[in-house]
Amino acid sequence: MIEEKIKSLDITLPNPPTPAGSYIPAVKTGNLLFISGQIPMEDGKVLFTGKVSDDNLQTAQKSARMCAINLLAQMKRELGNLDRVTRIVRLSGFVNSDPEFYQHPKVINAASDLFFEIFGDKGKHSRIAMGVACLPLNSMTEIDAVIEFSEYKKLVSTIILLFYFFLQFSYEFFNFWFWNYSATCLIMSTTRTTKTSC
């Protein structure tokens, strides 16, 4: 369902970018997925570079949106199915900006709005948006994320356990019904035989 929504927005998820340093793209702990910072990269190239100013705000927003798309690609790789996402918990957005630029929230809004559009209420998140002196590979923006997801394994285990208890109950109930029915039939048969003899 989520991936159909993404397609309806004319978005094609790219291959998740590989790390540019000594770290891994994402870490799972419990039912949380921590995704490393994503830059506006596609096919190994940074699409949006340079300092953000009031003159290129819209370009910076496209950069932030591309970061969000790469976050989606990492979610897909880690979870297999984006329907497993139960909440976008937090985004941290960094803008490679001029010292006199103060509209960092407007830049990162492009990523936040995309998550709202795709996930609805599940896409509502806490956030930080801040300006920095520079970013890796001179990219305009970088965004990381914390995602909550459902555990399919736990769900399957619960279903199996419930099914086991159902089988146990059914077996006990059948035994109880069978032996009581058999005893009742035996008593009725004995009663008829006694009356006939009289």
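Reference entry: report on the structure contained in this document. (Residues numbered from 1 in each chain as written. Predicted model: local features only at pLDDT ≥ 70, side-chain atom pairs only at ≥ 80, totals over all residues. Heavy atoms only, no water.)

Within the chain, the secondary structure is distributed over four helices and seven strands. The linear arrangement of helices and strands in the chain, starting from the amino end, is α-β-β-β-β-α-β-α-β-β-α. Evaluated residue by residue, the chain yields a buried proportion of 35% over its 198 residues. Pairs at least 24 residues apart make up 83% of the contacts formed inside the chain by residues separated by at least 6 positions. Here the chain has roughly 12,200 Å² of accessible surface; of this, 60% comes from carbon and sulfur atoms. (Helix = DSSP H or I, 4+ residues; strand = E, 2+ residues; numbered from the N terminus. Buried < 20%, exposed > 50% of the residue type's maximum accessible area, 1.4 Å probe, protein only. Contact = heavy atoms within 4.5 Å. Areas by Shrake-Rupley, 256 points an atom, 1.4 Å probe, with all protein chains shown as cover.)

Note: strand β5 (residues 85-96) against strand β7 (residues 141-149), nine bridges, orientation antiparallel. Within β7, the residue paired with R87 across the bridge is E148. The pairing of β5 with strand β6 (residues 126-132) spans seven bridges and is classified as parallel. Its bridge partner being in β6, F94 is matched across the sheet by M130. This β-α-β element, β5 to helix α3 (residues 104-119) to β6, shows right-handed connectivity. (Pairing = 2+ DSSP bridges. Right-handed = clockwise from strand over helix to strand, strands pointing away.)

This brings us to the pairing of strand β1 (residues 26-29). Across four bridges, the pairing between β1 and strand β2 (residues 32-38) is antiparallel. Within the sheet, the bridge partner assigned to A26 lies in β2 and is I35. With antiparallel pairing between neighbouring strands as the criterion, β1 and β2 make up a hairpin whose turn holds two residues, including G30 at a positive phi of roughly 60°.

Bringing the packing of aromatic side chains into the picture now. Evaluation of the coordinates by the stated rule reveals one aromatic pair. Both rings, one in F115 and one in F119, keep their centres 6.3 Å apart while their planes meet at 35°; by these two values the pair is tilted. Highlighted residues: F115 and F119, both in helix α3, separated by four residues, approximately one helical turn. As far as the burial class goes, F115 and F119 line up, both buried. Over the face of the ring belonging to F149 we find K28, whose NZ or CZ atom lies 6.0 Å from the ring centre. (Phe/Tyr/Trp six-rings, centres within 6.5 Å; stacked < 30°, edge-to-face > 60°. Lys NZ or Arg CZ within 6 Å of the ring centre and 35° of its normal.)

Moving on to the layout of surface pockets. If you add up the space inside the largest pocket, you get close to 190 Å³. Along the walls of the largest pocket sit 15 residues, with T18, A20, Y23, G37 and I39 positioned nearest its centre. Split into classes, the residues belonging to the lining of the largest pocket amount to nine nonpolar, five polar and one charged. (1 Å grid on protein atoms, 1.4 Å probe; cavity = no way out; pocket = protein on both sides within 12 Å on 5 of 7 lines; lining within 4 Å. Points joined across faces, edges and corners; volume = space filled by probe spheres on them. Nonpolar A, V, L, I, M, F, W, Y, C, P; charged D, E, K, R; others polar.)

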